[in-house]
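These are the residues of each chain, in order.
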Number of protein chains: 2
Amino acid sequence: MYLIGIDVGGMSIKGGIVDKLDGKIIEQYSIPTNAYSKEYSISEDISKVIDYLIVKTGIKFDQILGIGIGQPGSVDSERGIIRYANNLSVENVPVVAELQEKYSVPIYINNDANCAALGEYVFGAGRGYKDIVFITLGTGVGSGIIIDGKLFEGRSSAGAEAGHMVIHVNGEPCSCGRKGCWEAYASASALIRQTKAMMDAHPESLMHKFAQEEGKVSGKTAFRAAKVGDEAAQLVVDTYINYISEGLINMANIFRPDAILIGGGISNEKEYLTKPLQRLMDSTSFGGAFNPKVIVKTASLQNDAGILGAAALIIEE
Amino acid sequence: MYLIGIDVGGMSIKGGIVDKLDGKIIEQYSIPTNAYSKEYSISEDISKVIDYLIVKTGIKFDQILGIGIGQPGSVDSERGIIRYANNLSVENVPVVAELQEKYSVPIYINNDANCAALGEYVFGAGRGYKDIVFITLGTGVGSGIIIDGKLFEGRSSAGAEAGHMVIHVNGEPCSCGRKGCWEAYASASALIRQTKAMMDAHPESLMHKFAQEEGKVSGKTAFRAAKVGDEAAQLVVDTYINYISEGLINMANIFRPDAILIGGGISNEKEYLTKPLQRLMDSTSFGGAFNPKVIVKTASLQNDAGILGAAALIIEE
């Protein structure tokens, strides 16, 4: 049997047909995301991707267990509605009802970070655990929470916004309107800001050389320079990892899950990131050795996280 | 039918027999808490309280649905073990197994803040809601979380420690070893520290007069002076309420519950506290008006919270 996973993003709508047994994507397709106006329908675009995949693979709908959709922004998963997604200009769109008119298989939609958490739980680094906190370090800081094998979303799917947990009262401004959110310190965007500030103060730093090579300051600049012994870069990396740890340990103290998985662009640093985070977690989380250990791991699905996470919605339901 | 609730504290072990129907405590009794040594048994003390209540009321054990115990510190509720409670010098005590040798009714134990949350849910201000975050503002900041009518404790009951969520990176030292925990800003102890600092800077403040009357600086000093127009006191109160709100809004963004209930000594300020907190919650929590409102309310069980919360464990199970 097969699952269809749809990953709606700011740049493209990607879809894939997934073999339920081994979690392999057997075919995928993507189209650019349009700027949705009132005349334009996001459901029609999703539908184009689905139809392409069905025609291309020749798989019949009686072999498809369902369609899962991962969507940035605020999603009412129970009612199948996209409440809002700033960068897509959609508001209160009943996507599931619209698609259900065309397809008779079960259709689910959820927030993309929730999908990614579920994807790791079903197909990735979260297999074998019951309780997981998934954190994605990208443009923002997203989170997905699995409690006892079920996605925890809060009322009307409006919880699990750990990126908007203040870790520094009156600190850096956040896109959500608060000051000092975890996202404003631990996202890739925050790391770039921290890197630039340190570069300004240290014209001798190797970070300038790496940034020149890359054509810009990126989330990798400080990590690359730190790895070859640049002191200023090491300070950026240590401070950044500490900011990540503060939020991770907060989540451990609140949820005490089996594992916290780190995804998103920054997670490509793998053990260079997770080793110090694990050390800080072990030394600083509440109750110390009296309490069960929380494992810090890199998420494993990477580029497939969007499609597999959306497909995992069908298995969870 | 009746419930027995036992509230173990640093000063006393209180117990009560509760009528399941109306949640009224029909009889209560307390003995001072002993400094437990290896030769001494906390189970024996709990047992004294239970036996007194049974003899005094003449209620037979076939009318008792169970015994619930609320205990400060770290409790493994599944295995019925007190892992540790610093101020009671107990460590890895299998209280439930010990008491079960004597009593054949079901016996449950849980952390006191978890019990208080459950008590409010079953008997108090949380009735009618499904998802609640309960916060107690006392010597520390405790929390209890109800998700879909069930206590959420994290793995091995080691979660729900929201007081040890950092809200100010590298901030005030906390008893848990971290710096900047919510508890270090929003507890009654923190308020007293903040009040004293402001009093030192403002010898003209009415806070001095109120503190003299009370014989000490307390959690009430700043509130009392602010209510009669003292500017320095108003600044203490506003700042303190803001600290409370930062953690509350974090919990709303993570859990998006129906309601957040405030208990503990400071909650006696009632609407003077909850009104500004509600305003900050509405204006600042994630998603604004797009997301369902989180109600901020004062907990209602007050002095009975310990016994009723412990008794509520029996109903939940």
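Analysis parameters
Residues numbered from 1 in each chain as written. Chains lettered and ligands numbered in written order. Predicted model: local features only at pLDDT ≥ 70, side-chain atom pairs only at ≥ 80, totals over all residues. Heavy atoms only, no water. Helix = DSSP H or I, 4+ residues; strand = E, 2+ residues; numbered from the N terminus. Rg over C-alpha atoms; globule rule 2.2 N^0.38 Å. Contact = heavy atoms within 4.5 Å. Areas by Shrake-Rupley, 256 points an atom, 1.4 Å probe, with all protein chains shown as cover. Axes fitted to C-alpha atoms, helices over the stretch in contact; angles between N-to-C directions. Parallel < 35°, antiparallel > 145°, perpendicular 65-115°, else oblique. Left-handed = near helix turned anticlockwise from the far one by under 90°. Nonpolar A, V, L, I, M, F, W, Y, C, P; charged D, E, K, R; others polar. Salt bridge = Lys/Arg side-chain N within 4 Å of Asp/Glu carboxyl O. Pairing = 2+ DSSP bridges. Buried area = accessible area lost by both parts, 1.4 Å probe. Polar contact = N/O pair within 3.5 Å; in protein donor to acceptor, adjacent residues only side chain to side chain. Least-squares fit on C-alpha atoms with pLDDT ≥ 70 in both. Buried < 20%, exposed > 50% of the residue type's maximum accessible area, 1.4 Å probe, protein only. Phe/Tyr/Trp six-rings, centres within 6.5 Å; stacked < 30°, edge-to-face > 60°. Expected span 1.5 Å × (residues − 1).

**Brief notes about the overall build of chain A**
Working step 1: Along the backbone of chain A there are ten helices and 13 strands.
Working step 2: Computed over its C-alpha atoms, the radius of gyration of chain A comes to 20 Å, within 12% of the 20 Å expected for a compact globule of 317 residues.
Working step 3: With the C-alpha coordinates of chain A rotated into their principal frame, the extents come out at 60 × 50 × 35 Å.
Working step 4: In chain A, once contacts between residues fewer than 6 apart in sequence are set aside, the share between residues at least 24 apart is 60%.
Working step 5: Of the accessible surface of chain A, which amounts to about 13,000 Å², a share of 50% is contributed by carbon and sulfur atoms.

**What about the packing of helix α8 (residues 231-255) of chain B against helix α9 (residues 271-284) of chain B?**
Residue and element names in this part refer to chain B.
Working step 1: Where α8 contacts α9, the axes come no closer than 9 Å and their chain directions differ by 50 degrees. Between α8 and α9, the interaxial angle falls into the category oblique. The chirality of how α8 crosses α9 is right-handed. The residues of α9 that touch α8, namely those facing Q234, V237, I241, N242, I244, S245, L248, I249 and A252, are Y272, L273, P276, L277, L280, M281 and T284.
Working step 2: Class assignment of the residues belonging to the contact of α8 with α9 gives a composition of twelve nonpolar, four polar and no charged.

**Side note on the pattern of salt bridges**
Opposite charge on two side chains makes pairing possible when the charged atoms of those side chains draw close.
Working step 1: The tally for this structure, following the rule as stated, stands at 32 salt bridges over all chains.
Working step 2: Between K102(A) and D51(A) there is a salt bridge; the shortest N-O distance is 2.6 Å. Taken as a pair, K102(A) in the loop between α2 (95-100) and β8 (107-111) and D51(A) in helix α1 (residues 42-57) lie far apart in primary sequence, 51 residues in all.
Working step 3: Salt-bridge contacts for E27(B) lead to K56(B); the nearest nitrogen and oxygen are separated by 3.3 Å. A residue pair is termed long-range when its members are at least 10 positions apart, and E27(B) in strand β3 (residues 25-32) and K56(B) in helix α1 (residues 42-57) qualify at 29 residues.
Working step 4: Overlapping salt bridges, with partners in common, bring together K209(A), E213(A), E214(A) and R224(A) in one network.

**Overview of the sheet that holds strand β6 (residues 81-85) of chain A**
Residue and element names in this part refer to chain A.
Working step 1: The strand order across the open sheet built from three strands is β5-β6-β7, with neighbouring strands paired in antiparallel fashion. The open sheet has two edge strands with one neighbour each: β5 (74-76) and β7 (90-93). Along the sheet, successive strands turn relative to each other by an average axial angle of 15 degrees, direction set aside.
Working step 2: The sheet contact formed by β5 and β6 spans three bridges and is antiparallel.

**With respect to the interface of chain A and chain B**
Working step 1: In this assembly, 43 residues from chain A lie in contact with 43 residues from chain B.
Working step 2: Between chain A and chain B, the buried area comes to about 3,900 Å², and carbon and sulfur atoms account for 58% of it.
Working step 3: It is R155(A), R178(A) and I254(A) in chain A that bury the most area against chain B; as a group they hold 19% of the surface buried on that side.
Working step 4: Put simply, chain A and chain B have four salt bridges between them.
Working step 5: One salt bridge connects R178(A) with E246(B), and the closest N-O pair in it is separated by 2.7 Å.
Working step 6: Summed over the shared surface of chain A and chain B, the number is 26 residue pairs in polar contact (both at pLDDT 80 or more).
Working step 7: Looking at the side of chain A that touches chain B, the elements that each hand over two or more residues are β6, β10 (141-147) and α8 (231-255) of chain A.

**Some details on the relation of the copies chain A and chain B**
Working step 1: Under the fitted operation, chain A is carried onto chain B by 0.0 Å of movement along the axis and a turn of 180 degrees, and the coordinates agree to an RMSD of 0.0 Å. Both copies of the chain, as the preceding transformation shows, are related through a two-fold rotation axis.
Working step 2: Interface overlap between copies is the fraction of interface residues in one copy that are interface residues in the other; for chain A against chain B it reaches 100%, indicating a shared surface.

**Some points on the packing of helix α5 (residues 188-201) of chain A against α8(A)**
All names here are of chain A.
Working step 1: In the contact formed by α5 and α8, the axes pass within 10 Å of each other and the chain directions differ by 150 degrees. Our classification of the angle between α5 and α8 gives roughly antiparallel. As α5 packs across α8, the resulting crossing turns out to be right-handed. From α5, A188, L191, Q194, T195 and M198 reach across to α8, where they touch A232, L235, V236, Y240 and Y243.
Working step 2: Here the residues of the contact of α5 with α8 sort into eight nonpolar, two polar and no charged.

**Structural notes on the pairing of strand β6 (residues 81-85) of chain B**
Residue and element names in this part refer to chain B.
Working step 1: With five of five residues buried, β6 lies mostly within the body of the structure.
Working step 2: Examined bridge by bridge, β6 and strand β7 (residues 90-93) share three bridges and lie antiparallel to one another. Across the sheet, A85 pairs through a bridge with V90, a residue of β7.

**Brief notes about the sheet that holds strand β4 (residues 64-71) of chain B**
Residue and element names in this part refer to chain B.
Working step 1: Pairing is mixed in the open sheet, where five strands are placed in the order β3-β2-β1-β4-β8. With partners counted over all chains shown, the strands left at the sheet margins are β3 and β8 (107-111), one partner each. Mean inter-strand twist for the sheet, computed between neighbouring axes without regard to direction, equals 15 degrees.
Working step 2: Looking at chain direction, strand β1 (residues 2-8) and β4 are connected through six bridges and run parallel. Within β4, the position partnered with D7 by the bridge is G70.
Working step 3: Where helix α3 (residues 112-123) meets the sheet, it contacts β1, β2 (12-19), β4 and β8, and its direction lies at approximately 110 degrees from that of β8.

**Comments concerning the packing of aromatic side chains**
For any two aromatic rings, the description comes down to two numbers: the centre-to-centre distance and the angle of the planes.
Working step 1: According to the stated counting rule, one finds 15 aromatic pairs over all chains in the structure shown.
Working step 2: On the numbers, 4.2 Å between centres and 35 degrees between planes, the contact of Y84(A) with F290(B) is tilted. Of this pair, Y84(A) sits in strand β6 while F290(B) sits in the loop between α9 and β13 (295-298), placing the two residues on different chains.
Working step 3: You can call Y84(A) buried: its relative accessible area is 11%.
Working step 4: Pairing F223(B) with Y272(B) gives two aromatic rings, centres 5.8 Å apart and planes at 70 degrees, and the pair type is edge-to-face.

**Re the environment of N110(A)**
All names here are of chain A.
Working step 1: Mapping N110 onto the fold places it in strand β8.
Working step 2: Owing to a relative accessible area of 3%, N110 belongs among the buried residues under this scheme.
Working step 3: In this structure the C-alpha to C-alpha distance between N110 and I69, which are 41 residues apart in sequence, comes to 6.4 Å.
Working step 4: Contact partners of N110, with chain neighbours within four places excluded, come to I69, G70, Q71, V75, S77, C115, L151, E153 and L313.
Working step 5: For N110, the side chain forms a polar contact with the side chain of N114, separated by 3.0 Å.

**Examining helix α5 (residues 188-201) of chain B**
Working step 1: With 14 residues, α5(B) extends 20 Å between its outermost C-alpha atoms, agreeing within 8% with the 20 Å of an ideal straight helix rising 1.5 Å per residue.
Working step 2: The inward-facing, buried residues of α5(B) abut α4 (183-186), α6 (207-214), α7 (221-227) and α8 of chain B.

**Concerning α9(B)**
All names here are of chain B.
Working step 1: When the terminal C-alpha atoms of α9 are compared, their 19 Å separation across 14 residues agrees well with the 20 Å that a helix rising 1.5 Å per residue should span.
Working step 2: Those residues of α9 lying buried are L273, T274, P276, L277, Q278, L280 and M281.
Working step 3: On its buried face, α9 sits against β9 (132-137), α7, α8, β12 (259-263) and β13.

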